[in-house]
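Close look at the chain arrangement
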Amino acid sequence: MSADADPVVAELTELVGQVAGRLRAQFNATAAELDLPPAQALALARLRDPVPMRELADWLSCEASNVTGIVDGLERRGLVTRRPDPSDRRVKLLVLTEEGTRRRDVLWSRGHAQAISLFALSGDDRLLLRDMLRRLLEGPAG
């Protein structure tokens, strides 16, 4: 650590990374139980209403060509279908199947239960942590 490094900031960075890592590991374990690779599970968890593939690529922060492979896997598993957008037939919308909706709901419900366990703080502490994280994400005051 350099002489001008703030040890509290270094510890906060480590702690936030550990919390994110724990959430990711729990999510990936649930995905594995559902026979889904993590990238497919992440895409599936994101889908609600029919969504263009480009929007999913933006959300996943990846190239459209990468999303094509992810969606191909979901389609082979019978979890999504591609449909032309009625307003622009060049655009493909991703639509969850009944089984896709079921697995997405399992990902969300187990993820929420795991988060409740991870954030097992008093109500006031949980609200304080939420508010502090929100302030961090909103950026510096001024």
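Everything below is about the structure printed above this text.
All figures in this text were calculated on a predicted structure; none of them were measured in a lab.

1. Digging into the packing of helix α1 (residues 7-33) against helix α5 (residues 98-118)
Direction vectors running N to C along α1 and α5 enclose 145 degrees, while the axes themselves pass 10 Å from each other. Along this stretch, α1 crosses α5, giving a crossing that reads as right-handed. Across the interface between the two elements, Val19, Arg22, Leu23, Gln26, Phe27, Thr30, Ala31 and Glu33 of α1 pack against Leu107, Arg110, Gln114, Ala115 and Leu118 of α5. For the contact of α1 with α5, the per-class residue count stands at seven nonpolar, three polar and three charged.

2. A few points about the environment of threonine 101
Take threonine 101: it is sitting in helix α5. On the basis of relative accessible area, threonine 101 is assigned to the partly exposed category, the value being 26%. A C-alpha to C-alpha distance of 17 Å links threonine 101 and aspartate 72, two positions 29 residues apart in sequence.

3. Some details on the packing of α1 against helix α2 (residues 38-46)
At a minimum axis separation of 9 Å, α1 and α2 run at an interaxial angle of 95 degrees. With respect to α2, the axis of α1 lies roughly perpendicular. Contacts between α1 and α2 involve Phe27, Asn28 and Ala31 on the former and, on the latter, Pro38, Ala41, Leu42 and Ala45. Per-class residue counts for the contact of α1 with α2 are six nonpolar, one polar and no charged.

Conventions and cut-offs
Residues numbered from 1 in each chain as written. Predicted model: local features only at pLDDT ≥ 70, side-chain atom pairs only at ≥ 80, totals over all residues. Heavy atoms only, no water. Axes fitted to C-alpha atoms, helices over the stretch in contact; angles between N-to-C directions. Helix = DSSP H or I, 4+ residues; strand = E, 2+ residues; numbered from the N terminus. Left-handed = near helix turned anticlockwise from the far one by under 90°. Contact = heavy atoms within 4.5 Å. Nonpolar A, V, L, I, M, F, W, Y, C, P; charged D, E, K, R; others polar. Buried < 20%, exposed > 50% of the residue type's maximum accessible area, 1.4 Å probe, protein only. Parallel < 35°, antiparallel > 145°, perpendicular 65-115°, else oblique.

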